[in-house]
Amino acid sequence: MSPSNLFILGATGYIGVFFRAQSVERTGSVLTGILAAHPQFSVTALVRNQKDIEAVRAIGVARVVNGSHEDLDTIQSLAAQADIVVNAADADDMPLTNAILAGLKARSKSVSFKPILIHTSGSGVISDQAEGEFVPSGQKIWNDNSEEDIRCIPPEKPHRLIDLEIFRADQHNHCSGYIIAPSTIYGTGSGPVNKISQQVPMAIRTAVKRKEAVYVHIKDLVDLYLLVLSLALSGTDMSGSYAKFYFGSVHEHVWGDIMRQIGQILYDMRVIRSPQAVSVSLKMEPSLSRACILRSTANNSRSASDRGFALGWRPKSNSIEETLEEDVTETLAKLQK
């Protein structure tokens, strides 16, 4: 018996909807990609909004379950029926993660292989508290090919407690737990619902609001997910838990440089008064003080994806700078709705 049932959470989100088979065009949804690459799979998707159900069904999913992340009994039951679970929904929800792991533990007792979990974390797990400064801790580059680097990430870091639970589940053979931690994700998606990321659009929205201007491409990230899934399905990966952790990062960027380019684009579109970027404190712009945004844009988070590169990952999309105008256009369109 080989894995044939897949359960996905976050099917309508920015990452979840962008998984695509390598044998087809590098655009589209995670569900379309899985169905194209593995037509033998029976795919189940959890969808929170009733209005999104038909969009998910339209790309070929026969079983769509309407429910939220608070429906823990449902999630545990669906995970217990799955050979593979892809969580592209939430990197910080412990009850959700425990429900998934409990379901996979039950599944492991009824099949001859370890069920597979591919969990989406984030490079915020190695972020510091620089708040806009390049502090000494920012000199450290964390490498996913170093198990010691992954092992010694402090437990108080964002996402880390969830990651540790997955490591423990893998060590106890309840599942084969893979973690992918993307860095700043950019580019416009083309899945059925959400098409834009978080950090770049937040920077754009803040600039528009103040009338002044205060990295892995999504397609390349998709390729990494597919490579990890293929490795997991091969049944040949005897790696330890910490060697199943992958950073999804390609190039480094400085947010000040990005904001200067966003400012010029918005100025050229006559959206803001001046192309010059200015430093905005957290007190001046309270929306930036939200933890997820602060971690994304005001702190240092430097990683190397050597494990993914060794697996054959070859990012080839345009740089973040080359896609900013597209991101600005998409974000402005959403603001006007």
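Residues numbered from 1 in each chain as written. Predicted model: local features only at pLDDT ≥ 70, side-chain atom pairs only at ≥ 80, totals over all residues. Heavy atoms only, no water.

Pairing in this open sheet of seven strands is parallel, and the strands run S3-S2-S1-S4-S5-S7-S10 from one edge to the other. On the outer flanks of this sheet lie strand S3 (63-66) and strand S10 (245-248), each paired with one strand and no other. Strand-to-strand, the axes of this sheet are offset by a mean angle of 15 degrees, without reference to chain direction. Strand direction decides the pairing type here: strand S4 (residues 84-87) and strand S5 (residues 116-120), joined by four bridges, are parallel. Paired with Asn87 across the strands is His119, a residue of S5. Set on the sheet, helix H8 (residues 218-234) makes contact with S4, S5, strand S7 (176-182) and S10; between it and S7 the angle comes to about 170 degrees. (Pairing = 2+ DSSP bridges. Helix = DSSP H or I, 4+ residues; strand = E, 2+ residues; numbered from the N terminus. Axes fitted to C-alpha atoms, helices over the stretch in contact; angles between N-to-C directions. Contact = heavy atoms within 4.5 Å.)

The full count for this structure, using the stated rule, is four aromatic pairs. When the ring of Phe245 is compared with that of Phe247, the centres are 5.1 Å apart and the planes differ by 80 degrees; the resulting orientation is edge-to-face. Between the aromatic rings of Phe309 and Trp313, the centroid separation amounts to 5.5 Å while the plane-to-plane angle is 20 degrees, which identifies the pairing as stacked. Through successive ring pairs, a cluster of aromatic residues spans Phe167, Tyr242, Phe245 and Phe247. When the ring centre of Trp142 is taken as reference, the NZ or CZ atom of Lys140 above it lies at 5.0 Å. In this structure, Lys244 packs its charged tip against the face of Tyr178, placed 5.5 Å from the ring centre. (Phe/Tyr/Trp six-rings, centres within 6.5 Å; stacked < 30°, edge-to-face > 60°. Lys NZ or Arg CZ within 6 Å of the ring centre and 35° of its normal.)

In this section: the environment of Leu35. Along the chain, the position of Leu35 falls in helix H1 (residues 30-37). What Leu35 contacts, discounting residues up to four positions off in sequence, is Phe41, Val43, Ile59, Gly60 and Val61.

Moving on, we get to the nonpolar core. Core analysis: the biggest nonpolar cluster contains 31 residues, and Phe7 and Val85 have the highest contact counts within it. Counting residues per element, the ones that place at least two in this core are strand S1 (5-9), helix H3 (72-80), helix H4 (94-108), helix H6 (160-171), S7 and S10. Residues Val43, Val64, Tyr178 and Val228 belong to the second largest nonpolar core, which totals 29 residues. (Core = buried A, V, L, I, M, F, W, Y, C linked by side-chain atoms within 4.5 Å. Buried < 20%, exposed > 50% of the residue type's maximum accessible area, 1.4 Å probe, protein only.)

Further remarks concern the confidence of the model for the chain. Low pLDDT marks stretches whose predicted atomic positions should not be read closely. Of all residues in the chain, 73% have pLDDT values of 70 or greater, and the mean over the chain is 81. The low-confidence segment residues 17-28 (pLDDT under 50) makes 55 contacts with residues lying over four places distant or belonging to another chain. Every residue in residues 188-197 scores below 50 in pLDDT, and together they form 39 contacts with partners more than four places removed in sequence or on other chains. (pLDDT = per-residue confidence, 0-100.)

Three- or four-residue spacings in an α-helix give side chains the same orientation, since the helix completes a turn every 3.6 residues. Here H4 contains 15 residues, and its C-alpha end-to-end distance of 21 Å stays within 8% of the 21 Å for a straight helix at 1.5 Å per residue. Restricting attention to buried positions, one finds in H4 the residues Leu96, Thr97, Ala99, Ile100, Leu101, Gly103, Leu104, Arg107 and Ser108. At its buried positions, H4 is contacted by S1, H3, S4, S5 and H6. Capping of H4 at its N-terminal end is provided by Asp93; its side-chain oxygen lies 3.0 Å from the backbone amide nitrogen of Leu96. (Expected span 1.5 Å × (residues − 1). Polar contact = N/O pair within 3.5 Å; in protein donor to acceptor, adjacent residues only side chain to side chain.)

The next point concerns the pattern of salt bridges. Taken as a whole, this structure holds nine salt bridges when the rule is applied. Note that Lys244 is salt-bridged to Asp170, the shortest N-O span being 2.7 Å. Using a relative accessible area of 2% as the deciding quantity, one classes Lys244 as buried. A relative accessible area of 5% places Asp170 in the buried class. (Salt bridge = Lys/Arg side-chain N within 4 Å of Asp/Glu carboxyl O.)

Even without glycine at this site, Asn173 takes up a positive phi of about 65 degrees. Summarising the element assignment, Asn173 is placed in the loop between H6 and S7. Here Asn173 falls in the partly exposed class, since its relative accessible area comes to 48%. One non-glycine residue, Arg270, adopts positive backbone phi at about 65 degrees. In this structure, Arg270 sits in the loop between helix H9 (255-268) and helix H10 (291-297).

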